[in-house]
Amino acid sequence: MPTPETVLSDLRDAWGSALDGRLLGLYLHGSLIAGDFAPDRSDLDLLAVLDADPDENLLDVLAGLHADLDRRHPRWAGRIEVEYVSLGAVRDAAQGRAGHDHVIARVSPGESLHPLPATTHRVVTWSTVHDHGRSLLGPPAGDLLPAVDAGLVRSALLDHVRDWPTWVTRMTTPGAQSYAVLTLCRAWQRLRHGRQLSKRRAADRTVAACPRWVGLIVWARDWWYGSGSDTDPGRADEVREFVTELSGAILAAEHAVR
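Here we summarise the structure given alongside this text. In this text the structure is predicted, and so the values were computed from the model without any measurement.

Scoring rules and cut-offs
- Residues numbered from 1 in each chain as written.
- Predicted model: local features only at pLDDT ≥ 70, side-chain atom pairs only at ≥ 80, totals over all residues.
- Heavy atoms only, no water.
- Core = buried A, V, L, I, M, F, W, Y, C linked by side-chain atoms within 4.5 Å.
- Buried < 20%, exposed > 50% of the residue type's maximum accessible area, 1.4 Å probe, protein only.
- Contact = heavy atoms within 4.5 Å.
- Helix = DSSP H or I, 4+ residues; strand = E, 2+ residues; numbered from the N terminus.
- 1 Å grid on protein atoms, 1.4 Å probe; cavity = no way out; pocket = protein on both sides within 12 Å on 5 of 7 lines; lining within 4 Å.
- Points joined across faces, edges and corners; volume = space filled by probe spheres on them.
- Nonpolar A, V, L, I, M, F, W, Y, C, P; charged D, E, K, R; others polar.
- Axes fitted to C-alpha atoms, helices over the stretch in contact; angles between N-to-C directions.
- Left-handed = near helix turned anticlockwise from the far one by under 90°.
- Arc of directions from axis to C-beta.

Right, let's talk about the nonpolar core for a bit. One broad trend across soluble globular proteins is that nonpolar side chains are buried collectively. Among the nonpolar cores identified, the biggest contains 55 residues, and W126, V181, I217, V239 and F242 are the most heavily contacted of them. Leave out the neighbours within four places in its chain, and F242 touches V181, L184, C185, W213, L216 and I217. In terms of nonpolar packing, the next biggest core, distinct from the first, is built from 25 residues, L26, F37, L69 and L136 among them.

Now the structure itself:
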């Protein structure tokens, strides 16, 4: 199986050639940067910064690039997550003007390439890339991308927490359920400590703080990092209860502080 670096090198060369003049920067973030990449499980997470919002013509070009990459690296098909955003959209978001004026595009596991509004939900990722992204093309992320105010990032993260009880009802496989548990653990830890942790580290810290949910969090962590299968029994009811309870506790604590 090609290594992550082999795939990233191929992607960088192909994208740099096809998007010459439009691609201002290409940045790696996620588990490969955080240090807990699971070779059989983790995705490659990238942010592509463009000179303008993606349009239909560019979406056609990008769809072809992703299809070609999947053909060259079939064992990585479905494990490449790229978000395409204009520098103008990030700048507007950093000033609190994110909304429906800009469009971004995204491809992720289980989802084909599609456009969506550049809402404030996205500033959580963009701020993480600004702080920790590794440049594959273009200047350092912190030089190209604007810094996002910590209060704006916190507000966006709280919106995520608020939405998770709805999102989790659609998660029927063990993989999706474990992802929900680990992602909410990460959100809580970032809200508490102000920095993004890997899924594993966030789970370990949440275990210590939430003894009632030790069994479920350990299950989610071990399924994710132990090559669990989606044919395994899930824990849908427990996961929904955990997400609802922790989300409510996070939001109640935030309200009490204010």
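There is more to say, and it comes next.
With that settled, the discussion passes to the environment of L87. The residue L87 is located in helix α4 (residues 87-94) in this model. Discounting residues that sit within four places of it in the chain, L87 has contacts with L24, V49, L50, L144, L145 and P146.

Turning our attention to the layout of surface pockets. Its volume calculated, the largest pocket comes out at about 1,900 Å³. Among the elements that make up the lining of the largest pocket, the one with the highest residue count is helix α8 (residues 174-193) (6 residues). For the lining of the largest pocket, the class distribution of residues is 17 nonpolar, 16 polar and 17 charged. Within this model, the second largest pocket holds a volume of roughly 270 Å³.

Bringing the packing of helix α7 (residues 150-167) against α8 into the picture now. At a closest axis distance of 10 Å, the pairing of α7 and α8 adopts a crossing angle of 150 degrees. The chirality of how α7 crosses α8 is left-handed. Contacts between α7 and α8 involve V153, R154, L157, L158, V161 and W164 from the former and Y179, A180, T183, L184, A187, R190 and L191 from the latter. Grouping the amino acids of the contact of α7 with α8 by side-chain chemistry returns 10 nonpolar, 1 polar and 2 charged.

Moving on to helix α9 (residues 199-209). Inspection of α9 places K199, A202, A203, T206 and V207 among the buried residues, and these make up the whole buried set. Buried residues of α9 fall within an arc of 140 degrees about the axis and therefore sit on the same side. Next to the buried residues of α9 lie α8 and α10 (214-225).

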